[in-house]
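# Residue-level structural notes
Here is how the chains run, residue by residue.
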Amino acid sequence: MMTLRRRADLSPSLSSSSSLLSRLRSAASSLLSRQYSTDKGGDGTARRNGGGSSSAPRLLRPGFVDPSTWRHFDSRAFGINLDAIPKDALFVLKKLRREGFEAYLVGGCVRDLLLKRVPKDFDVITTASLQQIKKNIFRRCMIVGRRFPICLLRMNDSVIEVSSFQTVGKRANKSKEVNYLEELNGYDDEDILRCNNSMRRDFTINGLFFNPMNYKIYDYVNGVRDMRKNKVCTVVPAHISFMEDPARILRGLRIAARLGFQFSSDTSNAIHDLSSSIINIDKARLMMEMNYIMSYGAAEPSVRLLRKYGILDILLPFQAAYLSDQTKGRSSDKDLMLMKLLANLDRLFSADQPCHCSLWMALLVFHTALVISPQDTLVIRAFAALLYFGSWESAIEFLKEEQAGAQVPFVPETLGPSQTKLDDLMEQTSHLASLVNSSVLTLTCSDALEQSLVRFSEPPQISGVVLASNKERKRLLKIFGSFDSDLTSHDERRWLHKIDYWSLKDGSPAEVRFVLGKVILDTMSDKSPCESAEDALMF
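Bear in mind the structure is a predicted one, so any value in this text is a computation, not a measurement. (Residues numbered from 1 in each chain as written. Predicted model: local features only at pLDDT ≥ 70, side-chain atom pairs only at ≥ 80, totals over all residues. Heavy atoms only, no water.)

### A look at the overall build of the protein chain
Scanning the protein chain for helices and strands turns up 25 helices and 11 strands. Looking at the protein chain residue by residue over its 539 residues, the buried ones come to 55%. Taking all contacts inside the protein chain whose residues are at least 6 apart in sequence as the whole, residues at least 24 apart take part in 76%. In the form shown here, the protein chain has an accessible surface area of approximately 23900 Å², with 49% of it arising from carbon and sulfur atoms. (Helix = DSSP H or I, 4+ residues; strand = E, 2+ residues; numbered from the N terminus. Buried < 20%, exposed > 50% of the residue type's maximum accessible area, 1.4 Å probe, protein only. Contact = heavy atoms within 4.5 Å. Areas by Shrake-Rupley, 256 points an atom, 1.4 Å probe, with all protein chains shown as cover.)

Have a look at this one:
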């Protein structure tokens, strides 16, 4: 276990950052003023005991920082070694340290490593300023962001986000500050630096720092404790946190859905109270957060949580109205077509292997078309087979072989047992393709969305949020517009039926059509499309 480190010996990098540490001391009230817990004990972790210890909880005055809650962990005790860190991220950490700066992995990647999950990405934080990084260390990086600027460093096939301890948000609280750091007199400046930054973060489980070089994980906000309890808790009081940044509500829902965690009671109450504040989020950022929610293998549970907190009414009012109508008198929504489509989408993707936003948008557009104009099951399967196999000829061959197979009906999307003959199938499939193409407007035009909501008994009030930009609208029209002419002219046959994740990540219309076809076929049948064992292997 790690014993208490005092300020006797500062590393060269921290000595060179004396001005930064001076500013941190004067910012104690606003940044280190939250009381989180008293002496807990019993978890076998290294503890920070300054100024004596006591088995009884201490009464903490406002602004007091209780170092007894600080913990250091040895990552090897969790099975986390250097081989768990990508080479690009390790290279960035080592280079920053060679230049004389402190550098750590921070945030969600540390959380996911502890949970034995594959992180979405690996973010780095350093004592170097962003200008020092760009001018002297990684000259090809880009500084992006207005409120909280970071360096984007592209290396091989990855992008590393590098932030600085020196960065303070432009909207940070600049109220009169009272210095309570005498409470921390004698504590290590590196601990104070990390603790200060952790207090700025959204959720406790995202407030962890990891130095792979010494195998140390640093926790100042009880993040590991909350992780063990499967809880999502804000660092600062939840109402304050969400009022400062409403996007944290969406991030919290995404984290809870992906990990299967529960919200703490105060966090849950704050989401209920402030859910409508997400309409104040910049539309570009809102789309980014929605894509994180839908594209990384947790769309189904995320939609369920969005609906629970009334946020689906704001972001996807058509889907919210559909679910509201269809769940009346039901104990579960798992048998609904929309939820099955999302569940089958989730099976194909993960945090480190996401899809392009146009795929989940295309899926919503397809489902919307069926709700507005229900179709024969054979027509739906023919449309999906055309998407999946890439040609009308191949689709017909598949349907002839699978015609006796089980077909799953859905209400209100399907018309019951199939009555369509193969001779009439092309015309009806072409008609469905045109309906899907027209349904793009429900994601891109408020007037079309409002008109589509008339069919529901209790439609939500439209918030004015339209998710798809003109760029995405054009992409969706390109995905479905290829079926405007004779279906027999469409030819995108492929030699292996497996997903090319690189093409999909770039939003290739052909790859989006292929995966969408697979998801629909999986949903409409008890078994997947014809795939050999070799085909099942993914790039």
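### Comments concerning the side chain of Thr-267
Here Thr-267 shows up in helix H11 (residues 265-274). Accessibility expressed as a relative area gives 0% for Thr-267, which makes it buried. Ignoring any residue separated from it by four or fewer positions in sequence, one finds Thr-267 in contact with Val-232, Cys-233, Thr-234, Ala-238 and Phe-242.

### Regarding the pairing of strand S6 (residues 150-155)
Burial of S6 is extensive: 5 of the 6 residues sit out of reach of the surface. What sits between the antiparallel neighbours strand S5 (residues 142-144) and S6 is a turn of 5 residues, in which Gly-145 has the positive phi angle 100°. By the bridge criterion, 5 bridges tie S6 to strand S7 (residues 158-164) in an arrangement that is antiparallel. Residue Leu-152 lies in a different strand from S7, and its bridge partner there is Glu-161. (Pairing = 2+ DSSP bridges.)

### Some words on the packing of aromatic side chains
Inspection of every chain in the model, using the stated rule, returns 17 aromatic pairs. Between the aromatic rings of Phe-318 and Phe-456, the centroid separation amounts to 5.1 Å while the plane-to-plane angle is 75°, which identifies the pairing as edge-to-face. Linking Phe-318 in helix H15 (residues 317-326) with Phe-456 in the loop between helix H22 (446-452) and helix H23 (470-481), this pair joins segments that are 138 residues apart in sequence. In this pair, the class of Phe-318 matches that of Phe-456, namely buried. Positioned above the aromatic ring of Tyr-215 is the side chain of Arg-76, whose terminal nitrogen or guanidinium carbon lies 4.1 Å from the ring centre. Above the ring of Tyr-104, the side-chain terminus of Arg-97 is found at 5.4 Å from the ring centroid. (Phe/Tyr/Trp six-rings, centres within 6.5 Å; stacked < 30°, edge-to-face > 60°. Lys NZ or Arg CZ within 6 Å of the ring centre and 35° of its normal.)

### Looking at the nonpolar core
Membership of the largest hydrophobic core comes to 142 residues, with the highest contact counts inside it found for Leu-105, Leu-250, Ile-311, Leu-315 and Trp-360. Ranked by the residues each element gives to this core, the list is headed by helix H17 (residues 357-372), at 12 residues. Setting aside residues up to four positions removed in sequence, Leu-105 forms contacts with Ile-85, Ala-89, Leu-93, Val-110, Phe-122, Asp-123, Val-124, Leu-208, Phe-209, Phe-210 and Pro-212. In this structure, Phe-165, Tyr-187, Met-199 and Tyr-218 belong to the second largest nonpolar core, which totals 15 residues. (Core = buried A, V, L, I, M, F, W, Y, C linked by side-chain atoms within 4.5 Å.)

### Considering the pairing of S7
The pairing of strand S4 (residues 123-126) with S7 spans 4 bridges and is classified as parallel. What sits directly across from Val-124, in S7, is Val-162. From the end of S6 to the start of S7, which pair antiparallel, there are 2 residues, and Asn-156 there has a positive phi angle of about 55°.

### Observations regarding the packing of H15 against helix H16 (residues 337-346)
Where H15 meets H16, the axes come as close as 10 Å, and the angle between the chain directions of the two elements is 120°. Comparing their axes, H16 and H15 come out oblique. Between H15 and H16, the contacting residues are Gln-319, Tyr-322 and Leu-323 on the first element and Met-337, Leu-338 and Met-339 on the second. Tallied by class, the residues present in the contact of H15 with H16 amount to 5 nonpolar, 1 polar and no charged. (Axes fitted to C-alpha atoms, helices over the stretch in contact; angles between N-to-C directions. Parallel < 35°, antiparallel > 145°, perpendicular 65-115°, else oblique. Nonpolar A, V, L, I, M, F, W, Y, C, P; charged D, E, K, R; others polar.)

### Considerations on helix H20 (residues 422-438)
Taking 1.5 Å per residue as the helical rise, H20 with its 17 residues ought to reach 24 Å, and the 25 Å between its terminal C-alpha atoms agrees with that figure. Residues of H20 that are buried include every one of Leu-425, Thr-429, Leu-432, Ala-433, Val-436 and Asn-437, and no others. Considering only its buried residues, H20 is in contact with H17, helix H18 (377-389), helix H19 (392-402) and H23. (Expected span 1.5 Å × (residues − 1).)

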